[in-house]
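# An overview of the molecular structure
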Amino acid sequence: MAQAATEAGICIELMIEVESGQQRCGVEIGNDLVSLIEAINYSDGVSYVGLQAYSGHLQHIKGYQERNTQARTVVEDLFNYINTVLKSKGLAPDIISGGGTGTYAAYQGLGFSEIQAGSYLFMDTTYQAIGDENNQDQNNQFDVALKVLSTVISHPTPQRAVIDAGMKCLSIDLGMPKVEGDSTLSYKTGGDEHGIINLIDGHEPLQIGQQLILLPSHCDTTLNNFDTLYAIRGTEVIEQFPILGRGRSD
């Protein structure tokens, strides 16, 4: 990277991912981190600007206090190392990035310069269930804005209807979506193109062609299934946006 940047006459600013509990790509805190920072500083074409410590595995821990306690614990060693070692070597980062929609409140006053909260923009039913500072079972900090419009295409039995939204529309990696506005209807996947709506006994039948609004259980992996996002106010479509990341998850 340094060689290519030098040949192009540019300098690329680099952030180093640091292991912070997720055991994914981060370098371990210690001598390996110092060596990598020094290697960047010694190289033309690149510059060291900061550290990335994102603990994505903690975003959905249920219970506000427990989630914040774990989120803070996994990065304490990093900030101790920054303050006791990196600063003394003149290697303190300008940027420290981490946190997320579920854990942003845990890092107040700790030293992060950037919080990686992204899902709050759309939210989903999984984030709704993690609890906030006022409610153990419900997160009311943000409303769910991302919704999928579906249509009833069949009603084989009084207790079972079928809609045209399956796994090609709705991600189920974190659980099943919910039907907006009717807690007596429950969704389960019916395969790639079909969703099954279960009705409680005595529920009014749904009508063929009736439209249902689904609240996704995972906003990230649902959004990636569509080409266009429609912004709706009331019943009016006021804007539409192409989803530029569609098909580019590699």
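Here is a short report on the structure shown in this document. Computed from a predicted model, the values in this text were never measured in an experiment.

## A few points about the pattern of salt bridges
Across all of its chains, the model carries four salt bridges by this definition. With its nearest N and O atoms 3.3 Å apart, the salt bridge here joins Asp137 to Lys62. Of this pair, Asp137 sits in the loop between helix 4 (125-128) and strand 5 (148-157) while Lys62 sits in the loop between strand 2 (46-53) and helix 3 (64-86), and the two are 75 residues apart along the sequence. Since its relative accessible area comes to 48%, Asp137 is described here as partly exposed. Judged by relative accessible area, Lys62 falls into the partly exposed class, the value being 41%. Across the pair Asp227 and Arg246 runs a salt bridge, and its minimum N-O distance is 2.9 Å. In this pair, Asp227 sits in the loop between helix 5 (219-223) and strand 11 (228-233) while Arg246 sits in the segment after strand 12 (236-242), placing the two residues 19 residues apart along the sequence.

## Structural notes on helix 3
Its 23 residues place the ends of helix 3 32 Å apart at the C-alpha level, agreeing with the 33 Å of an ideal helix rising 1.5 Å per residue. Along its length, helix 3 reaches its greatest deviation from straightness, about 40 degrees, at Val75. Those residues of helix 3 lying buried are Tyr64, Arg67, Asn68, Ala71, Val75, Leu78, Phe79, Tyr81, Ile82 and Leu86. Of the surrounding elements, those touching the buried residues of helix 3 are helix 2 (31-42), strand 2 and strand 3 (95-98).

## Focus: the layout of surface pockets
Approximately 760 Å³ is the volume attributed to the largest pocket. Taken together, 24 residues line the largest pocket, and the ones lying closest to its centre are Ala145, Lys147, Leu229, Tyr230 and Ile232. Put simply, the parts of the chain that give the lining of the largest pocket at least two residues each are strand 5 and strand 11. Among the elements that take part in the lining of the largest pocket, strand 11 stands out by supplying five residues, more than any other. As a volume, the second largest pocket reaches approximately 300 Å³.

## Regarding empty space enclosed by the protein
Enumeration according to the criterion identifies one cavity of 30 Å³ or more in this entry. Its volume calculated, the largest cavity comes out at about 30 Å³. Surrounding the largest cavity, Tyr64, Arg67, Thr101, Gly102, Thr103, Tyr104, Ala105 and Gln141 form its lining. Classifying every residue of the lining of the largest cavity gives three nonpolar, four polar and one charged.

## Topic: the nonpolar core
If you look at soluble globular proteins, the nonpolar side chains tend to sit buried side by side. The biggest cluster of nonpolar side chains holds 27 residues, and the ones touching the most others in it are Ile16, Leu33, Leu51, Leu86 and Phe112. Breaking this core down by element, the ones donating at least two residues are strand 1 (12-17), helix 2, strand 2 and helix 3. Broken down by element, the residue count for this core peaks at seven residues, all from helix 3. Not counting residues up to four positions away in its chain, the partners in contact with Phe112 are Ala53, Val75, Phe79, Ile96, Ser97, Gly98 and Tyr107. Judged by nonpolar contacts, the second largest core, of 15 residues, contains Val148, Ala165, Leu185 and Leu199.

Basis of the calculations
- Residues numbered from 1 in each chain as written.
- Predicted model: local features only at pLDDT ≥ 70, side-chain atom pairs only at ≥ 80, totals over all residues.
- Heavy atoms only, no water.
- Salt bridge = Lys/Arg side-chain N within 4 Å of Asp/Glu carboxyl O.
- Helix = DSSP H or I, 4+ residues; strand = E, 2+ residues; numbered from the N terminus.
- Buried < 20%, exposed > 50% of the residue type's maximum accessible area, 1.4 Å probe, protein only.
- Expected span 1.5 Å × (residues − 1).
- Bend = angle between axes of the 7 residues up to and from the residue.
- Contact = heavy atoms within 4.5 Å.
- 1 Å grid on protein atoms, 1.4 Å probe; cavity = no way out; pocket = protein on both sides within 12 Å on 5 of 7 lines; lining within 4 Å.
- Points joined across faces, edges and corners; volume = space filled by probe spheres on them.
- Nonpolar A, V, L, I, M, F, W, Y, C, P; charged D, E, K, R; others polar.
- Core = buried A, V, L, I, M, F, W, Y, C linked by side-chain atoms within 4.5 Å.

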